[in-house]
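# Reading the structure
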Amino acid sequence: CTVLMHLLSIVRHRQFNQQQSAASSPLASETCEPIVALYIRECDPFQQVEDFIQESVERYGLSLLTVEGSYKDALAWLIKTDPSIKGVLMGTRRTDPHASDLVPFVMTDGDWPQVMRVNPILDFTYSDIWRFLRDLNVPYCSLYDEGYTSLGGRSTTVPNPALHSTSSSSSSSHLPAYLLSDGDRERDGRMKSKTPR
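Calculation criteria
- Each residue is numbered by its place in its chain's sequence as written, counting from 1.
- Selection of residues for local features in this predicted model requires a pLDDT of at least 70, selection of side-chain atom pairs for listing and counting requires 80 or more, and totals for whole chains, interfaces and linings are taken over all residues.
- To get the side-chain values, take all heavy atoms of the structure and skip hydrogens and water.
- Only DSSP runs of H or I covering at least 4 residues are called helices, and only runs of E covering at least 2 are called strands; the numbering of each starts at the N terminus.
- Each residue's exposure class comes from its accessible area (1.4 Å probe, protein chains only) as a fraction of the maximum for that residue type: buried when under 20%, exposed when over 50%, partly exposed otherwise.
- Contact definition: two residues touch when any of their heavy atoms are within 4.5 Å.
- Surface accessibility follows the Shrake-Rupley procedure with a 1.4 Å probe radius. Residue values consider only the protein chains on display as shielding.
- Two strands qualify as a pair provided that DSSP identifies no fewer than 2 bridges between them.
- When the strands point away from the viewer and the path from the first strand over the helix to the second turns clockwise, the crossover is right-handed.
- Contacts described as polar in this section are N or O atom pairs within 3.5 Å, which, within protein, must combine one atom able to donate a hydrogen with one able to accept it, while residues neighboring in sequence count only if both atoms come from side chains.
- Orientation is described by lines fitted to C-alpha atoms, with helices fitted over the stretch in contact, and by angles between N-to-C directions that extend from 0 to 180 degrees.
- By convention, a stacked pair of Phe, Tyr or Trp rings (six-membered ring in the case of Trp) has centres within 6.5 Å and planes under 30 degrees apart, an edge-to-face pair has planes over 60 apart, and any other such pair is tilted.

Counting its regular elements, the protein contains four helices and five strands. Element order for the protein, N to C, with α for helix and β for strand: α-β-α-β-α-β-β-β-α. Counting across all 197 residues of the protein, residues that qualify as buried make up 37%. Within the protein, contacts between residues separated by at least 24 positions form 64% of all contacts whose residues are at least 6 apart in sequence. In the form shown here, the protein has an accessible surface area of approximately 12,200 Å², with 53% of it arising from carbon and sulfur atoms.

In structure tokens form, the structure reads like this:
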């Protein structure tokens with residue numbers, strides 16, 4: 001989601017600057033409307049995730065909507081709150097659960113609230129994500145430096161065992177997420193949740 005938010009922010013910034021330079025009215029000095037972002041909070045979130053979300057709200061000028069529960073319930077709430085919403089940008093990648101057959105533009109399944117899912121980073125690999133974040137110095141949640149490679153709640157997420165380090169020179173017992181060489185093991189630190197998402 002950080003990559004998607006960063007890309008969206010860049011596009012909106014460029015678009016706004018072009019509109020400002022082309023406009024000759026007093027409206028040219030107004031700022032962009034904030035990006036509306038939906039945060040589906042785990043029932044037992046990591047404090048580092050909560051802190052990173054708040055930093056991102058400030059960094060990207062977000063209007064943050066926070067809900068707890070399943071993705072399906074959160075989407076139903078979002079559409080009920082604003083029925084004009086016809087599409088949502090998703091940070092889904094093909095390697096995410098239930099995403100292998102997705103396409104960049106797809107309506108939600110029949111028993112879900114109906115909205116177009118737009119998946120701009122669908123074909124980004126695990127390596128692509130880390131190359132993007134590190135090459136562009138995009139801030140990310142500090143848990144990734146502690147060996148976490150996929151973040152859920154505290155009760156369902158541990159550092160990735162594939163990054164366990166026995167080196168005494170390491171300040172953590174796990175290497176950082178960007179050193180995971182096998183992207184297929186990204187979710188190895190996730191355990192089954194008792195609540196469906």
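A word on the pairing of strand β2 (residues 62-68). Of the strand pairs in this sheet, strand β1 (residues 35-41) and β2 are connected by seven bridges, and their pairing is parallel. Counted as the bridge partner of V36 is S63 from β2. Regarding the hand of the β-α-β motif, the stretch spanning β1, helix α2 (residues 47-60) and β2 is right-handed.

Quick look at the side chain of T157 now. In this fold, T157 is placed in the segment after α4 (126-135). The exposure class assigned to T157 is buried, which follows from its relative accessible area of 3%. Of the polar contacts made by the side chain of T157, one reaches the backbone nitrogen of G152; its length is 3.0 Å. A distance of 2.9 Å separates a polar side-chain atom of T157 from the backbone oxygen of G153. If we skip the residues at most four places from it in the chain, T157 touches F46, Y148, S150, L151, G152, G189, R190 and M191.

Ordered by their spatial adjacency, three strands build an open sheet running β3-β5-β4, and the pairing between neighbours is mixed. Edge positions in the open sheet fall to β3 (87-89) and β4 (105-107), since each of these has one partner strand only. On average, each strand axis in the sheet is tilted by 25° relative to the strand beside it, whichever way the strands run. For β3 and strand β5 (residues 116-118), the ladder comprises three bridges, and the chain directions are parallel.

Throughout the structure, instances matching the rule amount to five aromatic pairs. Judged by centre distance (4.8 Å) and plane angle (90°), the ring pair of W130 and Y140 falls under edge-to-face. Taken together, the residues W130 in helix α4 and Y140 in the segment after α4 connect sequence positions 10 residues apart. Between W130 and Y178, the aromatic rings sit 6.0 Å apart at their centres with planes inclined by 55°, giving tilted as the arrangement. Linking W130 in helix α4 with Y178 in the segment after α4, this pair joins segments that are 48 residues apart in sequence. Grouping aromatic residues by their ring pairs yields a cluster made of W130, Y140, Y144 and Y178.

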